[in-house]
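Now for the letters of each chain:
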Amino acid sequence: MKYIFNIIVGLIPFIMCSQEDSPSEIRRETNLEVFGDYAQHAPAITSLIMIIANKDKKGLWQFTKSYGTTLALTYALKYGIDKPRPDGRTDGKAFPSGHTAVAFSGASFIQRRYGWSYGIPAYAIAGIVAYTRIEGINDRHDGWDVLGGIVVGVGSTYLFTTPYQKEHYELTFSGKNNNYLIGFTYKF
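In what follows, the accompanying structure is described. Computed from a prediction, not measured in an experiment: that's the story for all the values here.

1. Notes on unusual backbone geometry
With the exception of glycine, most residues fall at negative phi, and the peptide bonds are largely trans. A positive phi angle, close to 50°, is found at K55, a residue other than glycine. With respect to the secondary-structure elements, K55 resides in the loop between α3 (42-53) and α4 (57-81). Residue class for K55 comes out exposed when judged on its relative accessible area of 75%.

2. Describing the nonpolar core
With 22 residues, the main nonpolar core has F63 and F104 as its most contacted residues. Listing elements by their share of this core, those giving two or more residues are α3, α4, α5 (98-114), α6 (116-135) and α7 (143-160). Top element by residues in this core is α5. It accounts for seven residues. In this structure F63 touches A44, S47, L48, I51, G68 and F109, once residues within four positions along its chain are discounted.

3. A word on the side chain of D145
Looking at the element boundaries, D145 is found in helix α7. Each residue touching D145, except ones within four places of it in the same chain, is listed here: K83, P86, A94, F95, P96, S97 and R140.

4. Considerations on the packing of α3 against α4
Running from N to C, α3 and α4 cross one another at 160°; their axes reach a closest spacing of 10 Å. Classified by the angle their axes make, α3 and α4 are roughly antiparallel. Between α3 and α4 lies a crossing whose hand is left-handed. Between α3 and α4, the residues in contact are A44, S47, L48 and I51 and G59, L60, F63 and Y67, respectively. In terms of residue class, the contact of α3 with α4 is made up of six nonpolar, two polar and no charged.

5. Comments concerning a nonpolar patch on the surface
A cluster of nonpolar side chains, contributed by L71, Y75 and Y79, occupies part of the molecular surface with about 340 Å² of accessible area. By the secondary structure assignment, Y79 is in helix α4. You can call Y79 exposed: its relative accessible area is 59%.

6. Some details on α5
Between its terminal C-alpha atoms α5 stretches 24 Å, which fits the 24 Å expected from 17 residues at 1.5 Å a residue. Where burial is concerned, most of α5 is hidden: 15 out of the 17 residues are buried. Following α5 by one or two positions, G115 adopts a phi angle in the positive range, close to 105°.

Calculation criteria
- Residues numbered from 1 in each chain as written.
- Predicted model: local features only at pLDDT ≥ 70, side-chain atom pairs only at ≥ 80, totals over all residues.
- Heavy atoms only, no water.
- Helix = DSSP H or I, 4+ residues; strand = E, 2+ residues; numbered from the N terminus.
- Buried < 20%, exposed > 50% of the residue type's maximum accessible area, 1.4 Å probe, protein only.
- Core = buried A, V, L, I, M, F, W, Y, C linked by side-chain atoms within 4.5 Å.
- Contact = heavy atoms within 4.5 Å.
- Axes fitted to C-alpha atoms, helices over the stretch in contact; angles between N-to-C directions.
- Parallel < 35°, antiparallel > 145°, perpendicular 65-115°, else oblique.
- Left-handed = near helix turned anticlockwise from the far one by under 90°.
- Nonpolar A, V, L, I, M, F, W, Y, C, P; charged D, E, K, R; others polar.
- Patch = residues over 30% accessible without salt bridge, like charges linked within 9 Å, V, L, I, M, F, W, Y side chains within 5 Å.
- Areas by Shrake-Rupley, 256 points an atom, 1.4 Å probe, with all protein chains shown as cover.
- Salt bridge = Lys/Arg side-chain N within 4 Å of Asp/Glu carboxyl O.
- Expected span 1.5 Å × (residues − 1).

Spelled out as structure tokens, the structure:
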């Protein structure tokens, strides 16, 4: 949980960045936004690849529940809260950021299921996606929208995902001075 807090705190300087309208800035913001549109799916696709590689049926079911909850909760909040977008568009639906929720759902699944060694790069991608939502050309989100997306994505995953255990049982045997002991341990 400490790592997640550090990631969120690390995003604050990006949230406070100011906007400029020079042609190079417009090009940069457009590229950021397009990158975020595609990169939001990278953690989820990586999760599915890891599930298939590990033949992790339980993980597939957990991923399905957590990702489905992320999508359902994101859209329920978007339509229920109907927060206007920072760029002034009247379509509302700004809170929470769907791109950020999807990216952090996939990243937190990788971290929770397979560990921090896989989770750190996934969170880095998700953090970049969150940044693209604020700094993109259309100013579609503010810091609260992104923070809401992070909470929805990570929270949904932590509800359903358990760490991966390759070995579910252990059989032990020991013998000493004509005394023998057989042990059986099963991990749920």
